[in-house]
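# Fold and geometry: a report
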Amino acid sequence: MSDEKQKLEISQSELALIESALHTQAKILSVQASAGGAKALTRLNDVKRALSNITQQKPAAKAEKSRQPGVFFSMARMFG
């Protein structure tokens with residue numbers, strides 16, 4: 001695996017797909033590493049590093065205010 005950095009243009013949905021696949025791969029490698037696989041542990045560390053890089057570099061999700069009433073308001077309506 002090369003450490004050479006390269007800029008890619010991908011959509012948010014593609015990034016989410018890649019991130020999801022890496023999480024799945026990390027789970028598989030974690031099981032293999034816990035069974036004593038030294039290569040799996042090395043690969044797991046690589047995958048975790050890649051996930052960390054993605055998390056740090058991906059654009060922050062826009063916080064959208066929910067129009068749902070709060071729990072207190074809902075309970076107050078329920079009890080009259």
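Residues numbered from 1 in each chain as written. Predicted model: local features only at pLDDT ≥ 70, side-chain atom pairs only at ≥ 80, totals over all residues. Heavy atoms only, no water.

## What to know about the overall build of the protein
Put simply, the rule is: In this text, helices come from DSSP runs of H or I with a minimum length of four residues, and strands from runs of E with a minimum of two, each type numbered from the N-terminal end. Each residue is placed in one exposure class: buried if its accessible area under a 1.4 Å probe, protein chains only, is under 20% of its type's maximum, exposed if it is over 50%, and partly exposed if it falls in between. All accessible-area figures derive from a Shrake-Rupley calculation using a 1.4 Å probe, and residue coverage is judged against the displayed protein chains alone.
When its secondary structure is counted, the protein shows three helices and zero strands. The N-to-C order of helical and strand elements in the protein reads α-α-α. Considering the protein as a whole, with its 80 residues, one finds that 14% of them fall into the buried category. Accessible area of the protein: about 7,500 Å², with a carbon and sulfur share of 56%.

## A closer look at the confidence of the model for the protein
What counts here: pLDDT gives the predictor's per-residue confidence on a scale running from 0 to 100.
Mean pLDDT for the protein: 82, with 72% of residues reaching 70 or above. Within the protein, the element-level pLDDT minimum falls on helix 3 (residues 71-78), averaging 62, and the maximum on helix 1 (residues 12-34), averaging 94.

## Looking at the packing of helix 1 against helix 2 (residues 38-57)
To keep things clear, this is the line we draw: The axes used here are C-alpha line fits, helices contributing only the stretch in contact, and every angle between their N-to-C directions lies in the interval 0 to 180 degrees. Between 65 and 115 degrees an angle is taken as roughly perpendicular, under 35 as roughly parallel, over 145 as roughly antiparallel, and anywhere else as oblique. Crossings are classed by handedness, with left-handed meaning an anticlockwise turn of the near helix from the far one by less than a right angle and right-handed meaning a clockwise turn. Contacts are assigned to residue pairs with any non-hydrogen atoms lying within 4.5 Å of each other.
The contact between helix 1 and helix 2 brings their axes to 9 Å, and the two run at 155°. Accordingly, the angle class assigned to the pair helix 1 and helix 2 is roughly antiparallel. Along this stretch, helix 1 crosses helix 2, giving a crossing that reads as left-handed. Every residue of helix 2 that contacts helix 1 at Leu15, Ile18, Glu19, Leu22, His23, Gln25, Ala26, Leu29, Ser30, Gln32 and Ala33 is listed here: Ala40, Leu41, Arg43, Leu44, Val47, Ala50, Leu51, Ile54 and Thr55.

## What to know about the nonpolar core
Here is the rule we go by: Throughout, nonpolar core names a set of buried Ala, Val, Leu, Ile, Met, Phe, Trp, Tyr and Cys residues whose side chains join them through atoms within 4.5 Å.
Among the nonpolar cores identified, the biggest contains 10 residues, and these are Leu15, Leu22, Ala26, Leu29, Ala33, Ala40, Leu44, Val47, Leu51 and Ile54. When residues of this core are traced back to their parent elements, those giving at least two are helix 1 and helix 2. When residues no more than four places from it in sequence are discounted, the contact partners of Ile54 are Leu15, Ile18, Glu19 and Leu22.

## A word on the side chain of Glu19
Relative to the helices and strands, Glu19 is located in helix 1. Every residue in contact with Glu19, bar those within four places of it in the chain, is listed here: Leu51, Ile54, Thr55 and Lys58.

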